[in-house]
Structures are given as structure tokens and as C-alpha cells.
Amino acid sequence: MLTITAAARGDTHSVSLATLIVLFIVIPYVCLALWAGSGSLAANMLRDTKARARFDRATGAMLALSALRLLGRP
């Protein structure tokens, strides 16, 4: 929001307000579209029971490792 405020004040080094508005609309839309598309692809790939079990084990291991890392252990 600081960027929009600086642009609204008429700062000479800032990007135009219209450009910022477009960017604040386009970037989240593209990110959400990519997230939805990858979720749909993952759902199709994980219909197999064995693939789903491997995915669950891998994500569980990553979660456990990240928790240990947060606790300060290697």
C-alpha cells in the first residue's frame, strides 16, 4: 500500500497509479490461475492409490524435517 500512496502523492520517481492498479490485479490473478491449474493436475496424478501414498509420505517427511529445522536441530 505504500507504493500506491507514493504514486497518489505525485512522486516523480514512482510508477503511475494506473500501472500499479493493473499490476495489483493481474499478478494475483495469474498466481491463482497457476495454483488452480497445478492443483487440478496434481488431483489427476494422485488418483492412483500407490502414488497418493508416496506423495503423503514425502510431504509428511518434508513437514517433519521442517519442524526439526525450526526447533534448531539439523
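Reading the values: the criteria
- Residues numbered from 1 in each chain as written.
- Predicted model: local features only at pLDDT ≥ 70, side-chain atom pairs only at ≥ 80, totals over all residues.
- Heavy atoms only, no water.
- Helix = DSSP H or I, 4+ residues; strand = E, 2+ residues; numbered from the N terminus.
- Buried < 20%, exposed > 50% of the residue type's maximum accessible area, 1.4 Å probe, protein only.
- Areas by Shrake-Rupley, 256 points an atom, 1.4 Å probe, with all protein chains shown as cover.
- Expected span 1.5 Å × (residues − 1).
- Patch = residues over 30% accessible without salt bridge, like charges linked within 9 Å, V, L, I, M, F, W, Y side chains within 5 Å.
- Salt bridge = Lys/Arg side-chain N within 4 Å of Asp/Glu carboxyl O.
- pLDDT = per-residue confidence, 0-100.

Now for the overall build of the protein chain. Counting secondary structure elements, the protein chain contains three helices and zero strands. Listing each helix as α and each strand as β along the protein chain from the N terminus yields α-α-α. Expressed as a percentage of the 74 residues in the protein chain, the buried residues total 7%. Working note: accessible area of the protein chain is about 6,500 Å², and carbon and sulfur atoms make up 71% of it.

Attention now goes to helix H3 (residues 49-70). An ideal rise of 1.5 Å per residue puts 32 Å on 22 residues; H3 measures up with 31 Å between its terminal C-alpha atoms. Trailing H3 by a residue or two, Gly72 shows a phi angle of about 95°, which is positive.

Moving on to a nonpolar patch on the surface. Together, Leu17, Ile21, Val22, Ile25, Val26, Tyr29, Val30 and Leu34 give the surface a local cluster of nonpolar side chains, amounting to about 770 Å² of exposed area. For Ile21, the location among the structural elements is in helix H2 (residues 17-45).

What follows concerns the pattern of salt bridges. Taken as a whole, this structure holds one salt bridge when the rule is applied. The salt bridge partner of Arg52 is Asp56, with a shortest N-O separation of 3.4 Å. You can see Arg52 and its partner Asp56 sitting in helix H3, four residues apart, about one turn around the helix. Assessed through its relative accessible area of 42%, Arg52 is described here as partly exposed. According to the relative accessible area criterion, Asp56 is partly exposed, its value standing at 38%.

With that out of the way, let us pick up the confidence of the model for the protein chain. On average, residues of the protein chain carry a pLDDT of 84, and 77% of them reach 70 or more. Per-element confidence in the protein chain ranges from a low mean pLDDT of 58 for helix H1 (residues 2-9) to a high of 93 for H3.

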